[in-house]
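Spelled out from the first residue to the last, the chains are:
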Amino acid sequence: MKNKEHEAIIVKENSITLAKDSIIMATNAKVKILSKKWGKPKKEIDEGSPLYDGLNGYTTYIWKKGKTTIKYIIPVDKTFCDFRKHIEIYSSDKNIKIFGIKVGMERKKAEKIEKKLGDYAPYYECKNGKVNYIYCGLNME
């Protein structure tokens, strides 16, 4: 029986699916879409440097559930910031699958998928021949 306490996350191309058959979030992601499934996020604001009038600052919305953390980061002005609007997913939860790579999957199978994905492959760590941690950053613009 699947543990309902943890929501499944599936990332394909430019979409994120939260929970089986529920929400697909395209590149125009909104904080309220994630909040529907994951609750109210913690909000952190980096005010940026006074040299740039704060234009290099950003806002981060953080959701944590079980062994999974999702961060949605929105820069004040992408011209002055080192990154674009993006989502980061960190997890060691067995319910997570990102671009076909799943926590708990055999290392050899994950390596085959990684080879096919090339630069788009998520970062993962293996322990005892199996994927035990996975990270993915997905640009939203």
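Keep in mind that what you see is a predicted model, and the values were worked out from it rather than measured.

Asker: Run through the overall build of the chain, naming residues and quoting values.
Answerer: A tally of helices and strands in the chain yields two helices and 11 strands. Scanning the chain from its N terminus toward the C terminus, one meets helices and strands in the order β-β-β-α-β-β-β-β-β-β-α-β-β. Counting only residues that meet the buried cut, the chain has 38% of its 141 residues in that class. Considering only residue pairs separated by 6 or more positions, the chain has 42% of its internal contacts joining residues 24 or more positions apart.

Asker: A description of the sheet that holds strand β5 (residues 58–65) should follow, citing residues and the corresponding values.
Answerer: Taking strand neighbours across the sheet as the criterion, the six strands line up as β4-β5-β6-β7-β11-β10 in an open arrangement whose pairing is antiparallel. The sheet is open, and its two borders are formed by β4 (42–46) and β10 (123–127), each paired with just one other strand. In this sheet, adjacent strand axes meet at a mean angle of 15° when their direction is disregarded. Sheet strands touched by helix α2 (residues 107–117): β10 and β11 (130–139). Its angle to β10, the strand with the most contacts, is close to 160°.

Asker: Explain the packing of aromatic side chains to me, and be specific about the residues and the numbers.
Answerer: By the definition in use, this model includes one aromatic pair. Taking the centre distance of 4.9 Å and the plane angle of 40° together, the rings of Y90 and Y135 count as tilted. Of this pair, Y90 sits in strand β7 (residues 86–91) while Y135 sits in strand β11; the two residues are 45 residues apart in sequence, bridging distant segments of the chain. Since its relative accessible area comes to 23%, Y135 is described here as partly exposed.

Asker: Account for unusual backbone geometry, naming residues and giving values.
Answerer: Within the chain, F99 stands out as a residue other than glycine whose phi angle is a positive 50°. You can see F99 is positioned in the loop between β8 (96–98) and β9 (101–102). For N128, which is not glycine, the phi dihedral falls at a positive 55°. Of note, N128 is situated in the loop between β10 and β11.

Asker: Break down the environment of H86 for me, citing the residues and quoting the values.
Answerer: For H86, the location among the structural elements is in strand β7. The spacing of H86 and N139 is 53 residues in sequence and 4.2 Å in space, taken between C-alpha atoms.

Asker: Give a description of the side chain of T60 that names residues and reports values.
Answerer: Within the fold, T60 resides in strand β5. Taking relative accessible area as the criterion, T60 reaches 7% and is therefore assigned buried. Not counting chain neighbours up to four residues away, the residues in contact with T60 comprise K42, K43, E44, K71, Y72 and I73.

Asker: How would you sum up the nonpolar core? Please name residues and give values.
Answerer: Among the nonpolar cores identified, the biggest contains 20 residues, and W63, I70, I98, I101 and I134 are the most heavily contacted of them. For this core, the secondary structure elements donating two or more residues are α1 (31–38), β5, β6 (68–75), β7, β8 and β11. Not counting residues within four places of it along the chain, the set of residues in contact with I134 comprises I89, Y90, S91, I96, I98, I101, V103, P122, Y123 and Y124.

What counts, and at which threshold
Residues numbered from 1 in each chain as written. Predicted model: local features only at pLDDT ≥ 70, side-chain atom pairs only at ≥ 80, totals over all residues. Heavy atoms only, no water. Helix = DSSP H or I, 4+ residues; strand = E, 2+ residues; numbered from the N terminus. Buried < 20%, exposed > 50% of the residue type's maximum accessible area, 1.4 Å probe, protein only. Contact = heavy atoms within 4.5 Å. Pairing = 2+ DSSP bridges. Axes fitted to C-alpha atoms, helices over the stretch in contact; angles between N-to-C directions. Phe/Tyr/Trp six-rings, centres within 6.5 Å; stacked < 30°, edge-to-face > 60°. Core = buried A, V, L, I, M, F, W, Y, C linked by side-chain atoms within 4.5 Å.

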